[in-house]
Every structure is written in structure tokens, then in C-alpha cells.
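Understanding the architecture of this molecule
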Amino acid sequence: MEVEVLVNARQRRQDRKLWRYSIVVVAQNYGHYEEMWNWLKQRHTAKANRCGWRERIQAYGSDDEYRITWQFINEQDAMEFALRWV
């Protein structure tokens, strides 16, 4: 089931302004993705309203390869993630 969310231009601008830092990672399998997610959860919590990170799975490639865009509010958090996982 796919849900389409309608967002106006103002909401898109606010979203881009809030989530400025993006890092694209290719996870080899679901386990690798889960490791990254758990690392972020332990480091910054998983509470959506205050954790400062979110993921966007962009595409599924061959052999369960996931292309994921991790987005961050703070530059320091993005840099820390990039140093650990990229």
C-alpha cells in the first residue's frame, strides 16, 4: 500500500531548510542497513520529533542493495555518521 502525501511549496521549503545535511549510502543488504539504523538509534535516539536524523530509502538495487539517503539537522551529526559509515 503506497500513500501519497500532498505537500505544498512552503512545507517543502521548510523541510529542506530543516534537513540540510544529506549523506547517501549504499547498504549491501538489510543487515547492513539495520546496523546503521541501530547505531543512530543508540547515538541519537529514535524519537522522530527530537532525534535529528531520518532515512529515505531511494531505490532497491540488485541482490538486496539499498540506496539510502540519511538526512540530519546538525552538521556535526552528519559528519560523525559519514566518518563512521562512508
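Here we summarise the structure given alongside this text. (Residues numbered from 1 in each chain as written. Predicted model: local features only at pLDDT ≥ 70, side-chain atom pairs only at ≥ 80, totals over all residues. Heavy atoms only, no water.)

**A closer look at a positive patch on the surface**
Condition: Patches here: salt-bridge-free residues with over 30% relative accessible area, like charges joined within 9 Å, nonpolar side chains (Val, Leu, Ile, Met, Phe, Trp, Tyr) joined within 5 Å. Per-residue and other accessible areas follow the Shrake-Rupley method at a 1.4 Å probe size, with only the shown protein chains counted as cover for residues. The salt bridge definition used is simple: a Lys or Arg side-chain nitrogen within 4 Å of an Asp or Glu carboxyl oxygen. Under the counting rule used here, the positive set is Lys and Arg, the negative set is Asp and Glu, and His together with the chain ends is not counted. Where a charge lies is defined by one atom per residue type: Lys uses NZ, Arg uses CZ, Asp uses CG and Glu uses CD. Only DSSP runs of H or I covering at least 4 residues are called helices, and only runs of E covering at least 2 are called strands; the numbering of each starts at the N terminus.
On the surface, a cluster of positive charge is made up of Arg10, Arg12, Arg13 and Arg16. Mapping arginine 13 onto the fold places it in helix 1 (residues 9-18).

**Quick word on the packing of helix 2 (residues 30-44) against helix 3 (residues 75-85)**
In plain terms, the rule: What counts as an axis is a line fitted to C-alpha atoms, over the stretch in contact for a helix, and the angles between N-to-C directions run from 0 to 180 degrees. Note that the term roughly parallel is reserved for angles under 35 degrees, roughly antiparallel for angles over 145, roughly perpendicular for angles of 65 to 115, and oblique for everything else. Left-handed describes a crossing in which the near helix is turned anticlockwise from the far one by less than a right angle; the clockwise case is right-handed. Contacts were defined at the residue level, with two residues in contact if any of their heavy atoms lie within 4.5 Å.
One way to put it is that helix 2 packs onto helix 3 with a least axis distance of 12 Å and a crossing angle of 140°. Viewed along their axes, helix 2 and helix 3 adopt a mutual orientation that is oblique. Of the two elements, helix 2 crosses helix 3, and the hand of that crossing is right-handed. Between helix 2, through His32, Glu35, Met36, Trp39, Leu40, Arg43 and His44, and helix 3, the contact on the second element is made entirely by Asp77, Glu80, Phe81, Arg84 and Trp85.

**A word on the pattern of salt bridges**
A side chain with one charge can pair with a side chain of the opposite charge if their charged atoms come near. Which entries qualify depends on this criterion: Burial classification: accessible surface area is computed with a 1.4 Å probe over protein chains only, and a residue below 20% of its type maximum counts as buried, one above 50% as exposed, and the rest as partly exposed.
Taken as a whole and judged by the stated rule, the model has two salt bridges. Where arginine 54 meets aspartate 15, a salt bridge forms, and the shortest distance between an N and an O atom there is 2.7 Å. Highlighted residues: arginine 54 in strand 2 (residues 53-60) and aspartate 15 in helix 1, separated in sequence by 39 residues. Across the pair glutamate 80 and arginine 43 runs a salt bridge, and its minimum N-O distance is 2.4 Å. You can see glutamate 80 sitting in helix 3 and its partner arginine 43 sitting in helix 2, a full 37 residues away along the chain. Owing to a relative accessible area of 22%, glutamate 80 belongs among the partly exposed residues under this scheme.

**Some words on the packing of aromatic side chains**
Applicable threshold: Working definition: a ring pair exists when centres of Phe, Tyr or Trp rings (six-membered ring for Trp) sit within 6.5 Å. Plane angles under 30 degrees give stacked, over 60 give edge-to-face, the rest tilted. By definition here, charges over rings are those cases where NZ of Lys or CZ of Arg is within 6 Å of the ring centre and within 35 degrees of the ring normal.
Tallying each qualifying case throughout the model produces eight aromatic pairs. On the basis of an interplanar angle of 45° and a centroid distance of 5.5 Å, the ring pair of tyrosine 30 and tyrosine 33 is categorised as tilted. Highlighted residues: tyrosine 30 and tyrosine 33, both in helix 2, separated by three residues, approximately one helical turn. By relative accessible area, which is 44% here, tyrosine 30 ends up partly exposed. Aromatic side chains tryptophan 37 and tryptophan 53 sit 5.7 Å apart centroid to centroid with 75° between the ring planes, which places their arrangement in the edge-to-face category. Placement of tryptophan 37 in helix 2 and of tryptophan 53 in strand 2 is noted, with a sequence separation of 16 residues between them. Taken together, Tyr30, Tyr33, Trp37, Trp39, Trp53, Trp70, Phe72, Phe81 and Trp85 form an aromatic cluster joined through their ring pairs. The ring of tryptophan 85 carries the charged tip of arginine 84 above its face, separated from the ring centre by 4.2 Å.

None of the figures reported here should be taken as evidence of function without further support.
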